[in-house]
Every structure is written in C-alpha cells, then in structure tokens.
Amino acid sequence: MIEVPQIRYHRWGTESPEHAWYWNAVACMADLIGMALQSHGINVVQTKEKFGDARVYIEAREDEDVPLSRIEDRRAYREVYMTALGAAPMLRSAILDGSSYPTLASGEQAPEDWT
C-alpha cells in the first residue's frame, strides 16, 4: 500500500493549485465519515478539511455529558473509522490526525477499554 504524504498548510490562501485533488479527497472523506457516524445515531456537528486533516466534530447525546459514553457509540465510531481507513488507506494520516479519538479510530484501543 502506498500512503500519500499528508499535505499541510498553516496559512490560509497559500495552498498550491496542484494539491486541489488532495483537499477535495480529504473533505469528501470527512463528509462520508460524518454521514456514517450519523447513521449510527452519533451527533455530528460539523465535517470539514482543516489544515490537511479530515475533521469530524461530534457532541454528546442530549441525555449524556460527554460524546461516546455508550459502548455501542464507541464501537460504531471505531467501525466507521476503520472502514474509512480501509477504503482510503492513502489518506490514513489525514483521517487519524483529524479524529477526536485517534487511538479508538485506529483500532489501537478497544471500545471496551476506552475512557
């Protein structure tokens, strides 16, 4: 597998035109991850490409204080991210670096062990 080097810019407006495909791919992956999380009942606030990362912002359910407090939500979160990593392994660093919970998203940590 070939991983595409993550492209990062730290000042808005300095992006190179030849990297447009990368920004679009990362933004689309963020949208797909967000839709998949929503289909599992996880509250997604916003999805976007930010500084080369696929950012997906989630919030707690109405009756809970923190996101992913339910084991089924943690399992769904992990499943969605593992599926995204399998579908676009070349964007691995962009997907995981944009995740709020990268050890859970990457499979390094089991949903049952996550706190």
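Structure first, text after, so check above.
This write-up is about the structure you can find in this document. (Residues numbered from 1 in each chain as written. Predicted model: local features only at pLDDT ≥ 70, side-chain atom pairs only at ≥ 80, totals over all residues. Heavy atoms only, no water.)

**Let's talk about the overall build of the chain**
Reasoning step 1: Assigned secondary structure in the chain consists of four helices and two strands.
Reasoning step 2: Buried positions account for 41% of the 115 residues belonging to the chain.
Reasoning step 3: Once local pairs closer than 6 in sequence are excluded, the contacts in the chain between residues at least 24 apart make up 52%.
Reasoning step 4: Accessible surface, the chain as shown: approximately 6,600 Å² in total, 53% of it carbon and sulfur. (Helix = DSSP H or I, 4+ residues; strand = E, 2+ residues; numbered from the N terminus. Buried < 20%, exposed > 50% of the residue type's maximum accessible area, 1.4 Å probe, protein only. Contact = heavy atoms within 4.5 Å. Areas by Shrake-Rupley, 256 points an atom, 1.4 Å probe, with all protein chains shown as cover.)

**Side note on helix 1 (residues 20-39)**
Reasoning step 1: Helix length check: helix 1, at 20 residues, gives a terminal C-alpha distance of 29 Å against a target of 28 Å (1.5 Å per residue), a fit within 8%.
Reasoning step 2: Among the residues of helix 1, Tyr22, Trp23, Val26, Met29, Ala30, Ile33, Gly34 and Leu37 are the ones counted as buried. Down the axis of helix 1, the smallest arc covering the buried residues is 135°, so these residues share one side.
Reasoning step 3: On its buried face, helix 1 is in contact with strand 1 (43-50), strand 2 (53-59), helix 2 (71-87) and helix 3 (92-97).
Reasoning step 4: One or two steps after helix 1, the chain reaches Gly41, where phi turns positive at roughly 85°. (Expected span 1.5 Å × (residues − 1). Arc of directions from axis to C-beta.)

**A word on the packing of aromatic side chains**
Ring pairs (aromatic) are described by centroid distance and by the angle formed between their planes.
Reasoning step 1: Throughout the structure, instances matching the rule amount to three aromatic pairs.
Reasoning step 2: Relative to Trp23, the ring of Tyr22 has its centre 5.5 Å away and its plane inclined at 75°; by these criteria the two rings are edge-to-face. Comparing Tyr22 with Trp23 shows no difference in burial state: the two are buried.
Reasoning step 3: Ring centres 5.7 Å apart and planes at 75° place the aromatic pair Tyr77 and Tyr101 in the edge-to-face group. On the criterion of sequence distance, the pair formed by Tyr77 in helix 2 and Tyr101 in the loop between helix 3 and helix 4 (102-106) is long-range, its members being 24 residues apart.
Reasoning step 4: Since its relative accessible area comes to 1%, Tyr77 is described here as buried.
Reasoning step 5: Residue Tyr101 is classed as partly exposed on the basis of its relative accessible area of 21%.
Reasoning step 6: The rings of Tyr77, Tyr81 and Tyr101 are connected pair by pair, giving a single aromatic cluster. (Phe/Tyr/Trp six-rings, centres within 6.5 Å; stacked < 30°, edge-to-face > 60°.)

**Some words on helix 2**
Reasoning step 1: Over its 17 residues, helix 2 extends 24 Å from the first C-alpha to the last, a length consistent with the 24 Å expected when each residue adds 1.5 Å.
Reasoning step 2: Where helix 2 is buried, its residues contact helix 1, strand 2, helix 3 and helix 4.

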